[in-house]
Amino acid sequence: MNLTDRIVVVTGAAGGIGAALSRRFAAEGAAAVVLADLDADAARAVAEGIGPVAHAAALDVTDEEQVRALVADTEQRYGRIDLFCANAGVTSGGGIEVDDAAWDRAWRVNVLAHVYSARAVLPGMLSRGGGHLLHTCSAAGVLTAVGDAAYTATKHASVGFAEWLAITYRDRGIRVSALCPQGVDTPMLADGIVEGHLGARVIAASGAVLTADQVADATIAGLAEERFLILPHPEVADYARRRAEDPDGWQAGLRKLVRRLTA
Ligand SMILES: NC(=O)c1ccc[n+]([C@@H]2O[C@H](COP(=O)([O-])OP(=O)(O)OC[C@H]3O[C@@H](n4cnc5c(N)ncnc54)[C@H](O)[C@@H]3O)[C@@H](O)[C@H]2O)c1
């Protein structure tokens with residue numbers, strides 16, 4: 001997919017990766033970019049910075065009615081949605097001690113929201129014979145987010161769901177991409193580094209921390225090639241291969257890194 005004249009929706013677009021994707025889609029010639037976020041004021045500020053093709057919308061991605069209404073409103077206004085980016089995501093910040101409410105939130109934002117948007121947007125895409133779903137998962141979805149159990153489990157689920165969609169709908173014209181960055185310099189990671197969170201320190205020690213704009217560059221290239229797995233950090237492919245070939249050795253290496261960082 002190239003972005004010229006496309007109608008695009010991005011969730012979690014008020015900052016970080018979602019804002020960078022929205023800016024980049026507009027720069028690539030999208031006809032409309034809808035920036036949806038819980039934080040509607042911040043989404044509006046980003047949209048105003050982009051210009052007239054950008055529109056902000058208040059959205060809680062965990063509320064299926066709101067997702068349906070946003071999709072219906074966008075289709076009514078622009079006639080279609082070519083690319084839907086399920087990008088909003090949350091961390092839980094802990095292990096098994098994290099309470100059920102935080103596990104539930106991670107499940108709802110990182111996984112169930114992807115189901116809601118697919119349910120809402122696929123009928124229109126299928127009736128028009130095509131469309132692209134971009135799900136922001138994470139390298140945590142193919143590896144492990146040390147220090148965050150719920151993030152690891154739900155991001156693995158999000159990659160699994162994206163793969164299921166890709167296999168199920170590809171022959172009916174639907175392209176699916178799973179964006180799986182490692183460390184990206186956004187509030188999500190920066191807050192963890194400032195607070196000395198183990199997971200954030202492991203990420204910082206495991207490879208380059210990219211800017212959100214670099215993630216947007218990689219996404220544009222991945223969409224152009226209609227690739228399923230978009231890896232802004234190419235080393236993640238090597239890590240995933242090593243993990244698949246030798247799970248025990250992979251885990252031993254990570255434990256060693258954690259011991260070094262916590263010594
Ligand atoms: N920053 C990283 O290192 C990193 C690495 C890999 C993957 N990711 C993923 O990238 C995506 C974007 O994260 P980011 O780093 O830009 O984080 P961020 O915290 O800067 O942005 C997340 C955005 O999602 C919005 N959001 C949260 N819950 C929502 C909800 N229920 N409904 C609507 N919007 C909601 C927030 O308001 C925020 O604007 C997430 O899915 C995250 O898991 C981030």
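In case you missed it, the structure is sitting above this.
Residues numbered from 1 in each chain as written. Predicted model: local features only at pLDDT ≥ 70, side-chain atom pairs only at ≥ 80, totals over all residues. Heavy atoms only, no water.

The complete set of buried residues in helix α2 (residues 40-50) reads A40, A43, V46 and A47. Each buried residue of α2 sits inside an arc of 120° when the element is viewed along its axis, so together they form one side. For α2, the exposed residues set more than 90 degrees away from the buried face come down to D41, E48 and G49. Among the structural elements, α1 (16-27), β2 (32-37) and β3 (54-58) are those in contact with the buried residues of α2. (Buried < 20%, exposed > 50% of the residue type's maximum accessible area, 1.4 Å probe, protein only. Helix = DSSP H or I, 4+ residues; strand = E, 2+ residues; numbered from the N terminus. Arc of directions from axis to C-beta. Contact = heavy atoms within 4.5 Å.)

It is worth spelling out the site of the ligand at this point. Taken together, 27 residues lie near the ligand, and I17, D37, N87, Y151 and T186 sit nearest. Y151 places a side-chain nitrogen or oxygen 2.6 Å from an oxygen atom of the ligand. Side-chain polar atom of T186 to an oxygen atom of the ligand: 2.6 Å apart, as the coordinates give it. When residues of the shell around the ligand are traced back to their parent elements, those giving at least two are α1, α5 (149-169) and α6 (187-194). A per-element tally of the shell around the ligand places α6 first, with 3 residues. Grouping the constituent residues of the shell around the ligand by class yields 15 nonpolar, 9 polar and 3 charged. (Near = heavy atom within 4 Å. Polar contact = N/O pair within 3.5 Å; in protein donor to acceptor, adjacent residues only side chain to side chain. Nonpolar A, V, L, I, M, F, W, Y, C, P; charged D, E, K, R; others polar.)

Ranked by internal contacts, the top residues of the largest apolar core, which has 48 residues, are F84, L133 and L165. Looking at this core, the elements with two or more residues in it are β2, α3 (64-78), β4 (83-86), α4 (100-128), α5, β6 (174-179), α9 (235-245) and α10 (247-262). The element contributing the most residues to this core is α4, with 10 residues. Beyond its immediate chain neighbours, meaning those up to four positions away, L133 contacts F84, A118, V121, L122, M125, L165, I174, R175, V176 and S177. Of all hydrophobic cores here, the second largest spans 29 residues; its members include V8, F25, C85 and L134. (Core = buried A, V, L, I, M, F, W, Y, C linked by side-chain atoms within 4.5 Å.)

Now for the packing of α6 against helix α7 (residues 198-206). The N-to-C vectors of α6 and α7 enclose an angle of 110°; their axes lie 7 Å apart at closest approach. Between α6 and α7, the angle falls in the class roughly perpendicular. Packed against α6, whose contacting residues are L189, G192 and I193, the element α7 presents A200, I203 and A204 at the interface. Its residues assigned to classes, the contact of α6 with α7 shows 5 nonpolar, 1 polar and no charged. (Axes fitted to C-alpha atoms, helices over the stretch in contact; angles between N-to-C directions. Parallel < 35°, antiparallel > 145°, perpendicular 65-115°, else oblique.)

Those residues of α7 that fall on the buried side of the exposure criterion are G199, A200, V202 and S206. Along α7, the residues classed as buried sweep out an arc of 160° about the axis, all on the same side.

What follows covers the pattern of salt bridges. Applying the stated criterion to the full structure yields 14 salt bridges. A salt bridge links R108 to D104; the shortest N-O distance between them is 3.0 Å. One end of the pair, R108, and the other, D104, are both in helix α4, 4 residues apart, so they sit about a helical turn from each other. Members of the salt-bridge network, linked through shared partners, are E64, E65, R68 and R119. (Salt bridge = Lys/Arg side-chain N within 4 Å of Asp/Glu carboxyl O.)

Attention now moves to the pairing of β3. A regular strand carries its side chains on alternate faces of the sheet. Bridge analysis of β2 against β3 gives 5 bridges, and the strand direction is parallel. Paired with V34 across the two strands is H55, which belongs to β3. As for the winding sense of the linkage, the β-α-β connection from β2 through α2 to β3 is right-handed. (Pairing = 2+ DSSP bridges. Right-handed = clockwise from strand over helix to strand, strands pointing away.)

The values reported here are purely geometric and, on their own, carry no functional implication.
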